[in-house]
Amino acid sequence: MGKNVYIENISKYIGKEVEIRGWLYNRRSSGSIIFLLIRDGTGIIQCIVSKNDVKPEIFKSAQNVTQESSLIIKGKIRKEERAIGGYELFTNNIKILQIVSDYPITPKSHGVGFLMKNRHLWLRSKRQHAILRIRAEVIKASRDYLDNNGFINIDAPILTPAACESTSTLFETKYFDQMAYLSQSGQLYNEATIMSFGKVYCYGPTFRAEKSKTRRHLMEFWMIEPEMAYFDWEDNMKLQEDYVTYIVQTVLNKRKSELHVLNRDLSKLENIKPPFPKISYDKAIDLLRKKGKDIGWGEDFGGDEETIISESFDKPVFIHHYPMQCKAFYMKPDPERPEVSLSNDLIAPEGYGEIIGGGQRVDDIKLLKKKIKEHNLPMDAFKWYLDLRKYGTVPHSGFGLGIERIVAWMCKLKHIRETIPFPRLLYRIYP
Ligand code: 4AD
Ligand code: MG
């Protein structure tokens, strides 16, 4: 009996008999030898089946096995520089669990609509596999950074009684005899938990009924949101810079082979180190006008503006002090210039747009009440939130990083839909 091993650990088994459990990725033959490429979720290995060395029925199995058939294969491991992954398995036994016929996704190219309909199968392909491994590494690096820097993970509810961002993007659902909304952000709850824990983060799914069909928007995405008591807007940006650098450098170290599968230019990512450029909204407007964009002061930036701005920098760029009207009700105005807020976005390079939104929060109860009224939000629903300004209020700040946005940039993907296992897009909720 061979020992069941995963392909990622195969280097420890040179000269030993092992058992690999997986699926057929590809097959080719040359005379009396059949080459089976087997994948097991952790890697791909080439298995040699030689007519002279195995029983006739085993050779026959190898001849019949088709793409995505499930099988268990046994044999000895040998180092082979020229083989994919650097090792080969000399097969002595094959057990086929299922022979697959008509697997829909073949090595020829398919249209996006077809692939999206077959997303449950598309996930097995090499590119999709690489992207989702990188996604997992981004999430792990995010959490590791925060866990190692004094943050406590305190999650926020998904079913909420009120809007956090914009009432126009709420998904409603019945909550017994009341209405509830799917969370747009855990921020407001973070602002409660920092008063108990100092520095917190929440991580979870976020829902926005964005009636826009862009390459950057999902209806359901995952956001990690740190929030810090006694941090002002500048402390907040410093943290974002350090945190994004850690994520990029960690993924670069640990997921090089996946980045290679995607043909990613690694030098672009190696360059991501502090300091990141910082420009005010006013300066960003000047820059846009210089580049021929006709934009008035006070207008929010969309994908086009962000792309133009990012073209001037080879690192993520902070844009700070957005006009109050561009931001949500909780954003603190600059005491010296109340028409602008102590907010910042972080814009990724290479045209990937906003990856982070954040800022310093209103900490004065009178001003907060005024803002809630101005934004036509229901005062009753925010009674608990106002309490936080009544019982030990402090300056505080925080931000949200969109996981899919940073993954799209790190992988240099054309569209955000490939960064999440099962994307929820405008009018698409299958599979
Ligand atoms: O800028 P946003 O709306 O900020 C907030 O929700 C704050 N309450 C966060 C905080 O301060 N705690 O969203 C934050 C990030 C964006 O920068 C973007 O990366 C991502 O969430 N994001 C989306 N990603 C994919 N699809 C969408 N529809 C997104 N909307 C926002
Ligand atoms: Mg934003």
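Participant: Please clarify how the packing of helix 4 (residues 126-147) against helix 13 (residues 403-411) should be interpreted in this entry.
Facilitator: Relative placement of two packed helices is described by the angle separating their axes and the distance separating the axes. Between helix 4 and helix 13, the shortest axis-to-axis distance is 10 Å and the interhelical angle comes to 125°. On the basis of their axis angle, the class for helix 4 and helix 13 is oblique. By crossing handedness, the relation of helix 4 to helix 13 is classed as right-handed. Listed contacts from helix 13 to Ile131, Ile134, Arg135, Val138, Ile139 and Ser142 of helix 4 are Ile403, Glu404, Ile406, Val407, Met410 and Cys411. Across the contact of helix 4 with helix 13, the residue classes break down as 9 nonpolar, 1 polar and 2 charged.

Participant: Help me understand the environment of lysine 126 in this model?
Facilitator: By the secondary structure assignment, lysine 126 is in helix 4. Along the primary structure lysine 126 and valine 261 are separated by 135 residues, whereas in three dimensions their C-alpha atoms are 7.6 Å apart. Dropping the residues within four chain positions of it, lysine 126 is found in contact with Tyr25, Ile44, Ile84 and Val261.

Participant: Hey, could you run me through the sheet that holds strand 13 (residues 278-280) in this one?
Facilitator: To summarise the sheet geometry, strands pair through backbone hydrogen bonds and adopt either a parallel or an antiparallel arrangement. The 8 strands are arranged 7-11-12-19-18-17-14-13 in an open sheet whose pairing can be described as mixed. The outermost strands of the open sheet, each flanked by one partner alone, are strand 7 (152-153) and strand 13. Summarising the sheet, strand 12 (residues 220-229) and strand 19 (residues 396-402) pair through 5 bridges and their orientation is antiparallel. When the bridges of strand 19 are listed, alanine 229 appears paired with histidine 396.

Participant: Quick question: what am I supposed to make of helix 1 (residues 56-64) here?
Facilitator: The periodicity of an α-helix, 3.6 residues per turn, causes residues three or four positions apart to be oriented the same way. Looking only at helix 1, the buried set comprises Ile58, Phe59 and Ala62. Across the axial projection of helix 1, the buried residues extend over an arc of 100°, all falling on one side. When the buried face of helix 1 is taken as reference, the exposed residues oriented beyond 90 degrees from it are Pro56 and Lys60. Close packing links the buried residues of helix 1 with strand 2 (17-30), strand 3 (33-39), strand 4 (44-50) and strand 6 (87-98).

Participant: What exactly am I supposed to notice about the sheet that holds strand 8 (residues 159-160) here?
Facilitator: Read from one edge of the open sheet, 3 strands run 8-10-9, paired in antiparallel fashion. On the outer flanks of this sheet lie strand 8 and strand 9 (172-175), each paired with one strand and no other. Here strand 8 pairs with strand 10 (residues 178-182) via 2 bridges, running antiparallel. Within strand 10, the position partnered with leucine 159 by the bridge is leucine 182.

Thresholds applied
- Residues numbered from 1 in each chain as written.
- Chains lettered and ligands numbered in written order.
- Predicted model: local features only at pLDDT ≥ 70, side-chain atom pairs only at ≥ 80, totals over all residues.
- Heavy atoms only, no water.
- Axes fitted to C-alpha atoms, helices over the stretch in contact; angles between N-to-C directions.
- Helix = DSSP H or I, 4+ residues; strand = E, 2+ residues; numbered from the N terminus.
- Parallel < 35°, antiparallel > 145°, perpendicular 65-115°, else oblique.
- Left-handed = near helix turned anticlockwise from the far one by under 90°.
- Contact = heavy atoms within 4.5 Å.
- Nonpolar A, V, L, I, M, F, W, Y, C, P; charged D, E, K, R; others polar.
- Pairing = 2+ DSSP bridges.
- Buried < 20%, exposed > 50% of the residue type's maximum accessible area, 1.4 Å probe, protein only.
- Arc of directions from axis to C-beta.

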